[in-house]
Amino acid sequence: WNWCPKHRCVNYGSVGHQFHRLCAPPPPGQPSEFFHLTDLCAGPHRLLVASEVDCHTPDGQGVELKVGKLGGLSTWTQCAFADVPLVVRGTSREAEEGAWSLQRVDTFSVEAMLSDAVKERSMAMFVRVLTRL
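Note that the structure is predicted; figures quoted are calculated from it, not measured.

Enquirer: For this particular structure, what's the right way to read the overall build of the protein?
Expert: Looking only at helices and strands, one finds three helices and six strands in the protein. Its helices and strands in sequence order give the protein the pattern α-β-β-β-β-α-β-β-α, from N to C terminus. When burial is assessed residue by residue, the protein has 23% of its 133 residues classed as buried. By sequence separation, contacts in the protein at least 24 residues apart represent 41% of the contacts at least 6 residues apart. Of the roughly 9600 Å² of accessible surface on the protein, a fraction of 56% belongs to carbon and sulfur atoms.

Enquirer: Honestly, unusual backbone geometry in this entry has me stumped. Any pointers?
Expert: Negative phi characterises most residues that are not glycine, and trans characterises most peptide bonds. Within the chain, Asp 83 stands out as a residue other than glycine whose phi angle is a positive 60 degrees. Here Asp 83 is to be found in the loop between helix 2 (73-82) and strand 5 (86-96).

Enquirer: Where do I start with the pairing of strand 2 (residues 45-53) in this structure?
Expert: Looking along a regular strand, one sees the side chains alternate between the two faces of the sheet. Strand direction decides the pairing type here: strand 1 (residues 34-42) and strand 2, joined by nine bridges, are antiparallel. Across the sheet, the residue bridging to Ala 42 is His 45, located in strand 2. Hairpin connection between strand 1 and strand 2: a loop of two residues separates the two successive antiparallel strands, and Gly 43 in this loop has a positive phi of roughly 60 degrees.

Enquirer: Can you help me understand the sheet that holds strand 5 in this one?
Expert: An order of 3-4-5-6 is seen for the four strands of this open sheet, with the pairing classed as mixed. Of all strands in the sheet, those with a lone pairing partner are strand 3 (55-56) and strand 6 (99-109), marking the two edges. Examined bridge by bridge, strand 3 and strand 4 (residues 62-67) share two bridges and lie antiparallel to one another. Paired with His 56 across the strands is Gly 62, a residue of strand 4. The sheet contacts of helix 1 (residues 15-23) involve strand 4, strand 5 and strand 6, and relative to strand 4 the element is tilted by about 140 degrees.

Enquirer: What's the story with the environment of Ser 122 in this structure? I'm lost.
Expert: Residue position: Ser 122 is located in helix 3 (residues 116-132). C-alpha separation for the pair Ser 122 and Thr 77, spaced 45 residues apart in sequence, amounts to 8.6 Å.

Enquirer: Explain the side chain of Thr 38 here, please?
Expert: Positionally, Thr 38 belongs in strand 1. Residue Thr 38 is classed as buried on the basis of its relative accessible area of 10%. Side-chain polar atoms of Thr 38 contact the backbone oxygen of Phe 81, separated by 3.4 Å. Not counting the four nearest positions on each side in its chain, Thr 38 is found in contact with Leu 47, Leu 48, Val 49, Phe 81, Ala 82 and Asp 83.

Basis of the calculations
Counting starts from 1 at the beginning of each chain's written sequence and moves along it residue by residue. For a predicted model such as this one, the threshold for reporting local features is a pLDDT of at least 70, and the threshold for listing and counting side-chain atom pairs is 80 or more; totals across whole chains, interfaces and linings nevertheless cover every residue. To get the side-chain values, take all heavy atoms of the structure and skip hydrogens and water. Helix and strand assignments follow DSSP, with helices taken as H or I runs no shorter than four residues and strands as E runs no shorter than two, numbered in order from the N terminus. Partly exposed describes any residue whose relative accessible area lies between the buried limit of under 20% and the exposed limit of over 50%, with all areas from a 1.4 Å probe on protein chains only and scaled to the type maximum. We call two residues contacting when some pair of their heavy atoms lies within 4.5 Å. The Shrake-Rupley method, run with a 1.4 Å probe sphere, supplies the accessible areas, and residue values consider only the shown protein chains as cover. By this definition, two strands are paired if DSSP reports at least two bridges between them. Every axis in this analysis is a line fitted to C-alpha atoms, fitted for helices over the stretch in contact. Angles between the N-to-C directions lie between 0 and 180 degrees. Throughout this description, a polar contact denotes any pair of N or O atoms lying within 3.5 Å of each other; where both atoms belong to protein, one of them has to be capable of donating a hydrogen while the other can accept it, and for residues adjacent in sequence the pair is counted only when both atoms sit in side chains.

Don't take any of this as a statement about function, it's just geometry.
See below:
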């Protein structure tokens, strides 16, 4: 078994990182990343899922921050597996010479993002994949 840590270059000046700092600036000396541990039941399978969460509401609910389009199924799956009920999306556009401008901010309930039929089909597919592993 050969394990090698991933190395990546992160552009903290990107629109996404700037939006995260705008919505949830980390207090001095406090962590800027939060994690949830979720006990997920998918059919006969029980999973313990560790997830990075962007920020929390004052009452402790996780919030996912997005810039641009919402991924529909992918955003719903990410939030459902992390037990995150809210998505805050910023819409931006390039203003001039590489500068970006935030146009609006919307809050979405994860529960209302997809129809129940789409959620059920998606989870059924996930259960089939788990069963074959």
